[in-house]
Each structure stands twice: as C-alpha cells, then as structure tokens.
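Spelled out from the first residue to the last, the chains are:
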Amino acid sequence: MQTVTRKQVTLLRTRIKYILHDYSRSYRYLAPLTLFLIVVLVSYSSKPNFLMDSYAFTALLMYFVSAWLCISLFAAEPEIQKQLTILHMGNVKTYYLAKVLSTGIISLALACFAVIFPLVSGMFHEPVTWKIVLFVLLNHLLFGLLGISLAAFFTKEFIKSPINGFGGLLFILIASVPFESLYAMLPSPVNQLLWVLPPVSHTISALDAWDRQSIGINLLLPFLGAAAYVAAMQIIFLTLVKKRR
Amino acid sequence: MIISLLSLQSVQKTYKRKTVLHELSLDVNKGESIALLGKNGSGKSTLLKIMAGVMPPSSGKVTACRPDLVIGYVPERFPKALRFTPEEYLMYMGTFQQIPKTALNRIITDLLERFSIKHARSKRIETFSKGMVQKVAIMQALLTKPDLLILDEPLSGLDLKTQHELLDIIQDLQKQGLTAILTFHESDLLAQAADRLIVMKEGIVQSDMLLSQLDKPQIEAAVTSMELSVLQSWPGVHRSAENYGVVTFYANLEDSDQILLRILEHGGSICSVNQLNPIRKLISTAYANSDEKAGDTIENTD
C-alpha cells in the first residue's frame with residue numbers, strides 16, 4: 001500500500017514537472033509575472049509602509065495574478081498535445097489535478113516573494129513576528145488558490161472563446177472584492193447570489209481587524225471558509241471537467 | 001483462427017445534436033492492416049478517436065479482447081510546436097505510462113535509431129520538418145509496444161521520400177504482427193499498407209472488403225494491324241474483341257509491358273492504353289463524394 005502511494009506521488013511529481021517544463025518554455029507567464037513584480041515593487045517604492053494594508057493589497061494582487069496564470073497555464077498545451085498527454089497519463093482527473101497544482105506551485109513562489117521581499121528590504125515601521133509572517137504567507141497562498149479555483153472554470157475546457165473566458169473571469173474577480181457594498185446595494189433575494197462568489201472581502205476584513213497577537217475564531221473562520229471554498233470548487237471542477245471530455 | 005482485438009457495437013457519436021457516427025459496428029482482427037477511406041466529415045477521425053480512447057462514444061460499446069490491450073494512437077495533426085526535444089517528450093510520455101526508466105531509455109534509443117532521428121535527439125521538435133514531427137508522432141505511439149496502432153492520416157502532407165520511409169516502418173511493424181488501422185488518401189501506397197479496406201460515408205460503413213477481393217490492376221488497350229486470333233492466343237490477354245479493324249483487349253498490369261512490346265514486334269500499332277486500377281477507382285469514388293457533399297461536412301470532427 002505504501003509502495004503504491006509513493007509511486008503515485010512520484011508520478012504526480014513527474015506530471016507537474018512536465019506541465020511546468022512545457023509552460024516555462026511557452027513564455028506565457030511573462031505578462032502576469034511582470035505585472036506582479038512591477039506592482040509589488042512600485043507599491044513598496046517608498047517607506048515606511050503599513051504592515052497589514054500592504055499585505056492585504058499584495059494578497060489581493062495574488063488573487064488576480066494567480067487567476068491570470070491559471071488561464072495561461074491551462075492554455076499552454078495545444079488541444080491535440082493535451083489529448084495525447086491525457087491518453088498517456090490514462091486519467092483526465094489526474095491531468096487537471098496536476099495542472100491546478102502546477103499553478104499552485106507558481107502561486108506559492110509569488111506568495112513567498114510578496115511576503116519576504118518587504119521584510120528583507122525593511123519596508124515596515126512596525127515589528128514583524130514569525131506568527132505574522134506565517135499567517136500572512138498562508139493568507140497570500142489562499143488568495144492565490146481562490147483565484148486559481150475560480151479561473152479554472154473560465155479556461156478553454158469550459159468556455160471556448162478566450163475573450164468570453166477572460167472577460168467573464170475579470171468580471172467575477174472584480175465583483176467579488178466589494179462584497180459588502182454590493183450586498184447592501186442589491187435587492188434582498190438577488191443579493192443572496194453573491195454568496196457563491198469567492199469569499200475575498202471577508203478574509204481581507206478579518207485580516208485588517210487582526211490584533212496581530214491572538215489567532216481566535218473570528219480570524220480563523222473566514223480563512224477556513226475560504227479554504228473550504230477552494231476545496232469545494234476544486235472537487236466540482238475535477239468532476240465537471242471529466243464529464244466534459 | 002480470427003481473433004478480434006477490438007469490437008465496436010452500435011457505436012454512435014453525436015456532437016451538438018449532429019450525429020457523426022450512426023450505430024456503427026466493426027471488428028478489428030489481430031494481424032490486420034485496415035485502411036479507412038472516406039470524405040472529410042465521414043466520421044473517420046471520430047471513429048479512430050473512439051477506438052483509441054481519446055473520446056467516449058455517445059452510445060454503443062467498444063470492447064477490447066483483453067483488459068490490458070495496448071493501443072497506440074497517432075493523431076491527424078500532431079502538434080508541430082512541441083517545446084520539447086524528442087528525447088524529453090518520449091521520456092515524459094513513457095514515464096506517464098509507468099515504463100521503468102532503464103527500459104524506457106532503451107526503447108527511446110531504439111526508436112530514435114529506427115526512425116533515423118538520433119542526430120536530432122536534443123533539438124526541439126518545434127524546429128523539425130513535417131516529416132520529422134510525424135516520426136515523433138509515431139514514436140510516441142510505439143513507446144508502449146502496442147498491440148493495435150491507430151494512425152490518422154500518417155502520410156498526409158509529406159514528401160514522397162518520407163512517405164515511403166514511414167510506410168517501410170509501418171510495413172516492418174505489420175510484419176512483426178502489429179495490427180494497424182489507418183486513414184489514407186494516397187492510392188498508390190494503399191496496396192502496400194493495407195489488406196482490408198473500409199469505406200465510410202456520412203457516419204456509416206459503406207463497404208468493408210479485403211484487398212484480395214478486388215480485381216488486380218489491368219490495362220485496356222486498342223491496337224490496329226493486329227490479328228485478333230494471334231492476340232487471343234497469347235497468355236495474359238483476355239476479353240478481346242475486334243471492331244472495324246481495331247482490336248481491344250484487357251491484360252493484367254504486370255503482363256502489360258511484355259504484351260505491348262510483342263504487339264510492336266508483330267507490326268501492330270498501339271492506339272491507346274488505359275490503366276484500370278480498382279483501388280484507385282475505389283478511392284476516387286470514396287473521396288469524389290466529398291466534392292458533392294462538401295457543404296455537409298461537420299467542423300472539428302475530422
């Protein structure tokens with residue numbers, strides 16, 4: 001049993017390596033990565049900066065850029081190459097799981113950069129504890145995963161036209177940020193639909209309100225909710241994508 | 001004894017309410033080389049994709065003779081812009097197939113040698129010529145030593161030299177007992193590549209026959225200054241007749257050179273010679289419909 005698991009892990013690693021290898025040679029990552037780097041560098045162009053405000057901003061940036069990376073990574077392989085890869089892998093779900101994980105790995109690297117860069121360049125005027133660093137890193141990664149989970153439904157697998165896919169994704173991404181004001185603005189039964197949007201604003205609000213000392217239920221709940229949202233979206237995505245192929 | 005490797009029973013495929021394959025039933029027998037003919041949109045590629053497991057049928061059953069039947073698939077348009085070297089690409093695909101690394105290295109080296117692209121093993125496929133890309137396409141299908149090889153237009157768009165080179169490889173594999181099914185446009189090469197012909201039209205099998213059932217290629221010739229009785233006495237000449245001094249006759253293509261030479265030696269004059277090739281006729285019939293019905297073709301199916 002243990003041997004089978006190790007074999008599966010090795011196989012998954014090779015699949016991720018293949019996808020990242022192909023994506024790295026496609027240069028499709030250049031635009032989203034350049035945008036990410038420029039925005040992070042510009043946002044820290046002067047100091048000192050407010051710790052949580054700055055991290056809330058870069059976490060939101062992660063949300064948008066990870067979604068873009070997801071769209072571009074999913075489109076990197078031409079359709080026939082994709083068919084052959086799935087045929088050799090023998091499983092549609094594994095193929096797409098490897099794609100999602102590959103985007104997650106890039107997202108993790110971006111999260112590390114967004115969190116560590118201002119620390120090593122001394123951009124904050126307040127002390128930063130390990131607890132904060134770890135929590136903020138998880139927060140950045142979670143935002144990245146939220147973006148990926150949403151973007152996966154706007155890839156060519158579901159929406160053939162790139163313009164419709166990208167436009168639809170951008171609309172949902174933007175709409176999910178001002179949740180509270182939209183909820184108040186829309187009439188009562190309609191505003192309930194907003195709950196299907198990624199829980200971005202709740203997570204940002206919880207982070208803003210954090211006393212930076214204790215990790216209580218008020219802080220954890222929105223994060224656990226976001227993690228559950230990511231997991232649910234991934235399960236739905238992998239189930240639907242298998243049916244569509 | 002005939003062993004069916006793959007059996008299709010009442011297979012139907014529908015795309016966006018358009019039925020591309022209609023209740024199609026077919027057996028692919030061990031050791032056969034099947035050429036699949038038909039106009040664009042007749043459902044050839046869809047049928048091959050279903051056989052290869054690239055897509056499931058909308059209804060019907062595809063049954064393999066055993067659960068571990070290995071199928072290799074070469075798609076119609078193998079991506080030209082692959083960003084890997086052949087070695088990298090084959091290594092990845094072989095690893096996905098869970099071939100042990102040592103065995104995989106050996107298989108890849110053998111394939112690179114067999115397909116004469118060892119010199120380009122570390123060059124990216126996107127820099128390759130069409131013929132070389134097609135070789136990689138076939139190589140990836142052979143990685144797992146398949147029992148059944150499915151090739152969708154393997155020779156299309158290649159120069160004559162590469163066509164013959166690939167055909168030689170396919171023939172070698174067939175001699176080793178590999179079962180193959182391929183779509184084809186090249187009538188001259190068909191007889192070398194297939195022993196069974198299936199003609200498809202609008203998603204159904206229009207005809208299914210063995211190549212041996214077809215007549216051999218013949219010539220139809222008209223000559224003058226030649227006695228009918230003399231000509232009739234020669235071996236290889238058949239269905240001869242005389243009309244207003246013109247003698248017409250049929251002969252097998254393989255005997256034709258000798259017979260025509262003999263006519264000239266006997267003082268006869270050759271008025272006309274037509275080659276009658278039943279395979280070419282069959283292919284032109286199968287593809288001629290494509291011009292008439294071009295408007296009926298369904299996009300993205302073939």
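In this text the structure is predicted, and so the values were computed from the model without any measurement. (Residues numbered from 1 in each chain as written. Chains lettered and ligands numbered in written order. Predicted model: local features only at pLDDT ≥ 70, side-chain atom pairs only at ≥ 80, totals over all residues.)

Peer 1: Outline the overall build of chain B, supporting the account with residue identities and numerical values.
Peer 2: Tallying secondary structure elements over chain B gives nine helices and 13 strands in all. With the principal axes as the frame, chain B shows a C-alpha extent of 75 × 50 × 40 Å. Looking at chain B residue by residue over its 302 residues, the buried ones come to 35%. If you take every contact in chain B between residues at least 6 apart in sequence, the share linking residues at least 24 apart comes to 72%. (Helix = DSSP H or I, 4+ residues; strand = E, 2+ residues; numbered from the N terminus. Buried ≥ 20, exposed ≤ 12 C-beta atoms within 10 Å, placed from the backbone. Contact = placed C-beta atoms within 7 Å.)

Peer 1: Outline the overall build of chain A, supporting the account with residue identities and numerical values.
Peer 2: The helix and strand inventory of chain A stands at eleven helices and zero strands. Traced from its N-terminal end to its C-terminal end, chain A shows the element sequence α-α-α-α-α-α-α-α-α-α-α. The C-alpha atoms of chain A give a radius of gyration of 19 Å, which matches the 18 Å a tight globule of 245 residues would have. Structurally, chain A occupies a C-alpha span of about 55 × 45 × 40 Å along its principal axes. Within chain A, the fraction of its 245 residues that count as buried is 35%. Pairs at least 24 apart in sequence give 77% of the contacts found in chain A among residues at least 6 apart. (Rg over C-alpha atoms; globule rule 2.2 N^0.38 Å.)

Peer 1: Can you explain the sheet that holds strand 11 (residues 237-243) of chain B? Please cite residues and give values.
Peer 2: Residue and element names in this part refer to chain B. Strand order across the open sheet formed by four strands is 11-12-10-13, with antiparallel pairing between neighbours. The open sheet terminates on both sides in strands that have one partner only, identified here as strand 11 and strand 13 (269-276). Geometrically, the sheet is characterised by an average inter-axis angle of 15° between neighbouring strands, direction not taken into account. When strand 10 (residues 218-224) meets strand 12 (residues 246-252), the two strands line up antiparallel, connected through six bridges. If you follow A221 over to strand 12, its bridge partner there is F249. (Pairing = 2+ DSSP bridges. Axes fitted to C-alpha atoms, helices over the stretch in contact; angles between N-to-C directions.)

Peer 1: Can you tell me about unusual backbone geometry, naming the residues and giving the values?
Peer 2: Going from K47 of chain A to P48 of chain A, the amide bond is cis rather than trans, its omega being 5°. Within the secondary structure, P48 of chain A is located in the loop between helix 2 (30-43) and helix 3 (51-74). Phi is positive for E153 of chain B, which is not a glycine, with a value near 50°. Looking at where E153 of chain B falls in the secondary structure, it is placed in the loop between strand 6 (148-151) and helix 5 (160-175).

Peer 1: With reference to specific residues and values, describe the confidence of the model for chain B.
Peer 2: A low pLDDT means the predicted coordinates there should not be read in detail. Residue and element names in this part refer to chain B. Taken over all residues, the pLDDT of chain B has a mean of 87, while the share at 70 or more is 94%. When pLDDT is averaged over each helix and strand of chain B, the minimum, 65, is found for helix 9 (residues 278-292) and the maximum, 96, for helix 2 (residues 86-96). In this model, residues 290-302 is a region of pLDDT below 50 whose contacts with residues beyond four sequence positions or in other chains number 20 contacts. Across the whole predicted complex the pTM is 0.83, and at the interface the ipTM reaches 0.88. (pLDDT = per-residue confidence, 0-100.)

Peer 1: Now, about the interface of chain A and chain B: what can you tell me, with residues and values included?
Peer 2: Often the size quoted for an interface is simply the accessible area lost on bringing the parts together. Taken together, the contact pairs 14 residues of chain A with 17 residues of chain B. Put simply, the parts of the chain that give the side of chain A that touches chain B at least two residues each are helix 1 (2-26) and helix 4 (79-89) of chain A. At seven residues, helix 4 of chain A tops the list of elements feeding residues into the side of chain A that touches chain B. Considered class by class, the residues forming the side of chain A that touches chain B number six nonpolar, five polar and three charged. (Nonpolar A, V, L, I, M, F, W, Y, C, P; charged D, E, K, R; others polar.)

Peer 1: Summarise the domain arrangement of chain B; cite the residues concerned and give the values.
Peer 2: If you check the domain split of chain B, you get domain 1 (4-211) and domain 2 (218-276). Placing the centre of domain 1 of chain B and that of domain 2 of chain B at their C-alpha centroids yields a distance of 43 Å. (Domains from an automatic or database assignment.)

Peer 1: Break down the pairing of strand 6 of chain B for me, citing the residues and quoting the values.
Peer 2: A regular strand places its side chains so that they alternate between the two faces of the sheet. All names here are of chain B. Because side chains alternate across strand 6, one face comprises the buried residues L148 and I150, and the other comprises L149 and L151, equally buried. Here four bridges tie strand 5 (residues 71-74) to strand 6, and the two strands are oriented parallel to one another. When the sheet's bridge partners are listed, I71 is paired in strand 6 with L148. Relative to strand 7 (residues 179-183), strand 6 is paired through four bridges, and the arrangement is parallel. When the sheet's bridge partners are listed, L148 is paired in strand 7 with T179. In terms of handedness, the path from strand 6 via helix 5 over to strand 7 forms a crossover that is right-handed. (Right-handed = clockwise from strand over helix to strand, strands pointing away.)

Peer 1: With reference to specific residues and values, describe the packing of helix 5 (residues 92-120) of chain A against helix 11 (residues 217-244) of chain A.
Peer 2: When two helices pack together, their arrangement is captured by the angle between the axes and the distance separating the axes. Residues and elements named next belong to chain A. Packing of helix 5 against helix 11 brings their axes to within 9 Å, and their N-to-C directions diverge by 135°. When the axes of helix 5 and helix 11 are compared, the pair comes out oblique. When the axes of helix 5 and helix 11 are compared, the crossing they make is right-handed. Packed against helix 5, whose contacting residues are V92, K93, Y96, L97 and V100, the element helix 11 presents Q234, L238, V241 and K242 at the interface. In terms of residue class, the contact of helix 5 with helix 11 is made up of six nonpolar, one polar and two charged. (Parallel < 35°, antiparallel > 145°, perpendicular 65-115°, else oblique. Left-handed = near helix turned anticlockwise from the far one by under 90°.)

Peer 1: Describe the environment of E157 of chain A, listing the residues and the values that go with them.
Peer 2: Residues and elements named next belong to chain A. Considering the arrangement of structural elements, one finds E157 in the loop between helix 6 (130-151) and helix 7 (162-176). Looking at E157, the number of C-beta atoms within 10 Å reads 20, which means it is buried. Residues E157 and V241, 84 residues apart in the sequence, show an inter-C-alpha distance of 7.0 Å. With near-sequence residues (within four places) excluded, E157 lies in contact with F74, V241 and R244.

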